[in-house]
Amino acid sequence: SQYSAVDTNPLSVYIMQPIWNKIIKIVPLWIAPNLLTFSGFIMILFNYFLISFYDWDYTASGTSPGLVPTWVWLFSAFTTFCAYALDSIDGKHARRTQSSTPLGELFDHGLDSWATSIFVLSFFSVCSRDNGKTGVSVYTMYIYLSIVLFNFMCSHWEKYNTGVLFLPWGYDISQVVLIAAYLLTGTVGVEVWQKPLLFGYYITDVLVILLIGFSLFLSFPQTLYNIHRAHLKKTLKNDSLYEGLLPLVSPLLLFILLTVWVVLSPSNILAKQPRLFLWMVGVTFSNVICKVIICQMSSTRPELFHWFLFPLALVVYAAISGLLGPMEEAVLAVFTTLVTAAHVHYGVCVGRQLSEHLNIYIFSLKKRVQE
């Protein structure tokens, strides 16, 4: 299917696009677009592990002065901007080099589906977890991450039904806010997050309120409106309601299972291992959404239950029934490692299959020689 995306965000159209159009001119024509996409993702990953090294349990910024060196925050602003730029120019570069392929589209959106959670998890280190005085509770973090992922899911569910990806306004705004937050933290120090901003509200409260407001009152209604409009114009991809709602089943079940674990965990797993747990949430979500993206691109039907749901259901049952006892953290660590490995393996396999099928290399513009 022909890729089509619509971007109506004024920030993107009037400010960011002209910047990207200037940056793209520096990129040599021999560089493969997927290399740009992948480089941005690697920068986000590297940055995430760097922050994790200094702040494994999200408490480093709760102390004053913070325990994370200033250069780390400035480096975070730099890597976030680079990743944002690379993610914004990869498509333009593909059109410049006439190398737009379904592989590139999948590569871009597949990595985005994972990067989305990594951005959020890195940001949590800025505001730190609740220490009685300042910070955000781990439950707020979980809800915050879920809302961001819900937004991401909505735009791809919408594309599954309409064939058009309406780029969410939240994307550009969130990237600019992230970069600003890192610069602010690097220049002023973490103290800026520990003082009330307006009427006793902290910056973090304002951001959470904005995020929830944006999602529930802008993104989600927009998604439903676009699907409704396609229905009226008779351009919907799927005839039945069942077909249209099918891609939502696995993500919703995933969210229910994870929430049950969070709420009923005997050892309070989220408070004990917030970084591991939230990373696992991001990875499982990304894998579920990648399947939806592939179905939407290949006009095939997604399976009702994603296979990750079965081992997850077992683990959650074993945890909340008390079967795991003191082993709960260890089992979370093993499960997280396994799903991460499975996700990477899945990505590599799909990439290789597509590159063979389309007779192209993933990271090079050279044509493959037919066997």
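Since this is a predicted model, take the numbers as computed values, not measurements. Think of each chain on its own: its residues are numbered from 1, step by step along the sequence as written. Predicted model: local features are reported for residues with pLDDT of at least 70 only, side-chain atom pairs are reported and counted for 80 or more only, and whole-chain, interface and lining totals are derived from all residues. The side-chain numbers reported here are obtained from all heavy atoms of the structure, hydrogens and water having been left aside.

### A word on the overall build of the protein
Part 1 of the reasoning: A run of H or I in DSSP becomes a helix once it reaches four residues, and a run of E becomes a strand once it reaches two; helices and strands are each numbered from the N terminus. Scanning the protein from terminus to terminus reveals twelve helices and two strands.
Part 2 of the reasoning: Walking the protein from its N terminus toward its C terminus, one meets helices and strands in the order β-α-α-α-α-α-β-α-α-α-α-α-α-α.
Part 3 of the reasoning: Relative to the globule expectation of 21 Å for 371 residues, the C-alpha radius of gyration of the protein, 21 Å, shows essentially globular dimensions.
Part 4 of the reasoning: In terms of overall dimensions, the protein has a C-alpha envelope of 60 × 50 × 45 Å along the principal axes.
Part 5 of the reasoning: The contact definition used throughout considers only heavy atoms, calling two residues in contact when any of these lie within 4.5 Å. Here the contacts in the protein between residues at least 6 apart in sequence split such that 80% fall between residues at least 24 apart.
Part 6 of the reasoning: Accessible areas in this description were obtained via Shrake-Rupley with a 1.4 Å probe; residue shielding takes into account the shown protein chains only. By element, 70% of the accessible surface of the protein is carried by carbon and sulfur atoms, the whole surface being about 18,100 Å².
Part 7 of the reasoning: By the counting scheme adopted, Arg and Lys are positive, Glu and Asp are negative, and His together with the chain ends is not counted. Lysine's charge is taken at NZ, arginine's at CZ, aspartate's at CG and glutamate's at CD. The centroid of the 21 positive side-chain charges in the protein is displaced by 8 Å from the centroid of its 20 negative side-chain charges. For the radius of gyration, the atom set is restricted to C-alpha positions; the globular benchmark scales as 2.2 Å times the number of residues to the power 0.38.

### A few points about the nonpolar core
Part 1 of the reasoning: Joining through side-chain atoms within 4.5 Å is the link that ties buried Ala, Val, Leu, Ile, Met, Phe, Trp, Tyr and Cys residues into a set, and such a set is a nonpolar core. Partly exposed describes any residue whose relative accessible area lies between the buried limit of under 20% and the exposed limit of over 50%, with all areas from a 1.4 Å probe on protein chains only and scaled to the type maximum. Counting 99 residues, the largest nonpolar core has F123, F124, W261 and F277 as its most contacted members.
Part 2 of the reasoning: Per element, the largest residue contribution to this core is 14 residues, and it comes from helix α4 (residues 102-127).
Part 3 of the reasoning: The residues touching F123, leaving out its near neighbours within four places in the chain, are Y144, L178, A181, Y182, W193 and L207.

### Quick notes on the packing of α4 against helix α6 (residues 169-188)
For any two helices packed against each other, one specifies the crossing angle of their axes together with the interaxial distance.
Part 1 of the reasoning: Here the axes come from fitting lines to C-alpha atoms, over the contacting stretch only for helices, and the angles between their N-to-C directions go from 0 to 180 degrees. Running from N to C, α4 and α6 point in directions that differ by 30 degrees, and their axes come no closer than 11 Å. Relative to α6, the element α4 lies roughly parallel. Judged by the sense of rotation from one axis to the other, the crossing of α4 with α6 is left-handed. Note on element contacts: α6 touches α4 through Q175, L178, A181, Y182 and T185, opposite F119, S122, F123 and V126.
Part 2 of the reasoning: The residue inventory of the contact of α4 with α6, partitioned by class, reads six nonpolar, three polar and no charged. Orientation labels follow simple angle bins: below 35 degrees gives roughly parallel, above 145 gives roughly antiparallel, 65 to 115 gives roughly perpendicular, and whatever is left gives oblique. In a left-handed crossing the near helix is turned counterclockwise from the far helix by less than a right angle, and in a right-handed crossing that turn is clockwise. Note on residue classes: Ala, Val, Leu, Ile, Met, Phe, Trp, Tyr, Cys and Pro are nonpolar, Asp, Glu, Lys and Arg are charged, and everything else, Gly too, is polar.

### Comments concerning the side chain of Q273
Part 1 of the reasoning: Its location among the elements puts Q273 in the loop between α9 (269-272) and α10 (274-298).
Part 2 of the reasoning: Setting aside its immediate chain neighbours within four residues, Q273 contacts W56, E329 and L332.

### Regarding helix α5 (residues 138-162)
Part 1 of the reasoning: Along its 25 residues, α5 runs 36 Å from first to last C-alpha, staying within 8% of the 36 Å computed at 1.5 Å per residue.
Part 2 of the reasoning: In the segment just after α5, G163 is the residue with positive phi, at about 80 degrees. Multiply 1.5 Å by the residue count of a helix minus one, and that product is the helix's expected span.

### Concerning the layout of surface pockets
Part 1 of the reasoning: Considering only enclosed or pocket space, the second largest pocket measures out at about 450 Å³ in volume.
Part 2 of the reasoning: Going through the elements one at a time, α2 (33-54), α4, α10 and α12 (328-357) are the ones with two or more residues in the lining of the second largest pocket. Think of a 1 Å grid over the protein atoms and nothing else: a 1.4 Å probe that fits but is trapped marks a cavity, an open set flanked by protein within 12 Å on at least five of seven lines marks a pocket, and residues with an atom within 4 Å of a point count as lining. Grid points are joined across faces, edges and corners, and a volume is the space filled by probe spheres set on the points.

### Description of the environment of I293
Part 1 of the reasoning: Relative to the assigned elements, I293 resides in helix α10.
Part 2 of the reasoning: The exposure class of I293 is buried, given its relative accessible area of 0%.
Part 3 of the reasoning: Between the C-alpha atoms of I293 and L106, which are 187 residues apart in sequence, the distance is 7.2 Å.
Part 4 of the reasoning: Filtering out sequence-adjacent residues up to four positions away, I293 remains in contact with L106, H109, G110 and H156.

### Focus on the UniProt feature "transmembrane region" (unreviewed entry) in the protein
Part 1 of the reasoning: As annotated in UniProt, the feature "transmembrane region" (unreviewed entry) corresponds to residues 26-50, 70-86, 136-154, 197-220, 241-264, 276-294, 306-324 and 330-348 in the numbering used here.
Part 2 of the reasoning: Along residues 136-154, the helical share is 89% and the strand share 0%, with 26 Å between the first and last C-alpha atoms. UniProt positions are given in the numbering used here, feature names are shortened, and annotations may be inferred rather than shown by experiment.

### Side note on the packing of helix α3 (residues 70-96) against α6
Part 1 of the reasoning: Viewed as axis vectors pointing N to C, α3 and α6 meet at an angle of 160 degrees, and their least axial separation amounts to 7 Å. Looking at the two axes, α3 sits roughly antiparallel to α6. Remark: the crossing between α3 and α6 carries left-handed chirality. Contacts between α3 and α6 pair T70, W73, L74, S76, A77, T80, F81, Y84 and D87 from the former with Y171, D172, Q175, V176, L178, I179, Y182, L183, T185 and G186 from the latter.
Part 2 of the reasoning: Class assignment of the residues belonging to the contact of α3 with α6 gives a composition of eleven nonpolar, six polar and two charged.

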